[in-house]
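Structural features, examined
Listed below are the residues making up each chain.
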Amino acid sequence: MRFDPRQRSVSRSVARTTARPIMQRPVMQLRGREGGLGGFGPSGTLRAGTQLGGGMRLGRGRPTRTASPWWARLAVLAALAFGASMWFTEIGADLRRGVGAEPAPVAALPVAANAAAAPTEAKADAGPKTTTAAAGPAEVAVPRPTPTPAPLDAVRRALLGTSRDHVARGVFATRGSVPDLRAIKGSSVDLVERALDVVDFPLRAALLAHRGREPRRYGLRTRPGAADDAARVLDVANLAVFLDAFAEKVEGIGDVDLQPGDLLLFQRRRGASQFAVVSDRTDARGVTLLYTLDPADRVARDRRPRDDVTIERHWRLDATRLQDARRLLGLPRAARGATG
């Protein structure tokens, strides 16, 4: 075999490289996440000065943190600027205004001078209630009308008494009329008929006579014949026509206008029109209550508020008007003392 000198030189080079100790090998370079350079020492550990991820640099003694990145410094500066602006605009402004301090006294109005000039006039006023309306710098007293309740005659006393009786007996409310005057049930028109029966006024006979006398008022073209049914003649529409003809029509529907024993035609939000008797009682707010015989309540009621109803008409009936109706319609005279 022939010996090649070049092969021998290559073998010596490999041998020298393999036998070289680890201590003499070149240092490996590392690149951290932040871009710094570092390396391993002879013993295989990280060499001092090697920069690790997260901005950490390994020193000779203990790891040290490098300077914060630019965006972190910018965020701190922005937070400081925002806090300073809040101080000058909000907190500082409140401190300058003196939050929590006593309010400054308000200058007296010109009205106080006028009131002090005449103290005796306010004390001397002991008449009806008055309200004041501002008219420029001074106050002008406006007299408030005081309601004067009309004296209760026999008819209005009968309306109130019959209403109380129906409430006490718990009369059931019906939609149609019940001809029996002593029945335990009935409608609002039956309440009026039973009250007028106390003063000996036959309401059904009066309606029949008035319909024959003035049929057009009741929507009839001709006069009804003898077959006109007395049991069905009493309803809300016919009674309203009769009261328009013979009772006093009152325009107002406020507490000042309502008197005990008055008759009202009202309507609920969802329901037909029906009659009510003005009560002599008021609720806690001073609002006048009503006596009703409403099917929605099932029984007679004496504390119907006026907030949920719409009042359509208002009448006031007395003994004198009933006497005129009796005379005009040719009805038999009442017993002595029945309408007095």
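Residues numbered from 1 in each chain as written. Predicted model: local features only at pLDDT ≥ 70, side-chain atom pairs only at ≥ 80, totals over all residues. Heavy atoms only, no water.

Some points on the pattern of salt bridges
We apply this condition: Salt bridge criterion: a side-chain nitrogen from Lys or Arg within 4 Å of a carboxyl oxygen from Asp or Glu. Helix numbering and strand numbering both begin at the N terminus, where a helix is a DSSP run of H or I of at least 4 residues and a strand a DSSP run of E of at least 2. Think of it in three bands: residues with accessible area under 20% of the maximum for their type are buried, residues over 50% are exposed, and the middle band is partly exposed, with areas taken using a 1.4 Å probe on protein chains only.
Enumeration over the complete set of coordinates arrives at 14 salt bridges. For Asp-262, the salt bridge is made with Arg-156, and the minimal N-O distance between the two is 3.9 Å. Pair noted here: Asp-262 is in the loop between β9 (248–249) and β10 (263–268) and Arg-156 is in helix α5 (residues 154–169), with a separation of 106 residues, a long-range link. Across the pair Arg-204 and Glu-193 runs a salt bridge, and its minimum N-O distance is 2.9 Å. Note that Arg-204 is positioned in helix α7 (residues 203–213) and Glu-193 in helix α6 (residues 188–198), a separation of eleven residues in sequence. In this pair, the class of Arg-204 matches that of Glu-193, namely buried. Within the structure, one salt-bridge network assembled from shared partners comprises Arg-156, Asp-262 and Arg-316.

What about the packing of aromatic side chains?
Filter applied, for reference: Two rings belonging to Phe, Tyr or Trp (six-membered ring only in the last case) form a pair when the distance between their centres is within 6.5 Å. Interplanar angles under 30 degrees mark stacking, angles over 60 mark edge-to-face geometry, and anything in between is tilted.
The final tally for this structure, using the stated rule, is three aromatic pairs. Judged by centre distance (6.3 Å) and plane angle (45°), the rings of Phe-201 and Phe-242 are tilted. Of this pair, Phe-201 sits in the loop between α6 and α7 while Phe-242 sits in helix α8 (residues 236–246), placing them 41 residues apart in sequence. By relative accessible area, which is 1% here, Phe-201 ends up buried. Taking the relative accessible area as the measure of exposure, Phe-242 reaches 2% and is therefore buried. Ring geometry for Phe-275 and Trp-315: centres 5.8 Å apart, planes at 35°, overall tilted. Pair noted here: Phe-275 is in strand β11 (residues 273–282) and Trp-315 is in strand β14 (residues 309–316), with a separation of 40 residues, a long-range link. Here Phe-275 and Trp-315 have matching classes, each one buried. Each residue in the set Phe-201, Phe-242 and Phe-246 is aromatic and connected to the rest through ring pairs, giving one cluster.

Observations concerning the packing of α5 against α6
In plain terms, the rule: A fitted line through C-alpha atoms serves as each axis, taken over the contacting stretch for helices, and the angle formed by two N-to-C directions is quoted from 0 to 180°. In these notes the angle categories are as follows: under 35 degrees is roughly parallel, over 145 is roughly antiparallel, 65 to 115 is roughly perpendicular, and the rest is oblique. Crossing handedness is defined as follows: a turn of the near helix away from the far one that is anticlockwise and smaller than a right angle gives a left-handed crossing, while the clockwise case is right-handed. In this description, contact between two residues means that some pair of their heavy atoms is separated by no more than 4.5 Å. Residues are grouped as follows: nonpolar covers Ala, Val, Leu, Ile, Met, Phe, Trp, Tyr, Cys and Pro; charged covers Asp, Glu, Lys and Arg; every other residue, Gly included, is treated as polar.
As a packed pair, α5 and α6 sit with axes 8 Å apart at the nearest point and diverge in direction by 125°. Here α6 runs oblique to α5, going by the angle between their axes. The two elements α5 and α6 meet at a crossing, and its hand is right-handed. Contacts from Val-155, Ala-158, Leu-159, Thr-162, Ser-163 and His-166 in α5 reach Leu-191, Arg-194, Ala-195, Leu-196 and Val-198 in α6. Its residues assigned to classes, the contact of α5 with α6 shows seven nonpolar, three polar and one charged.

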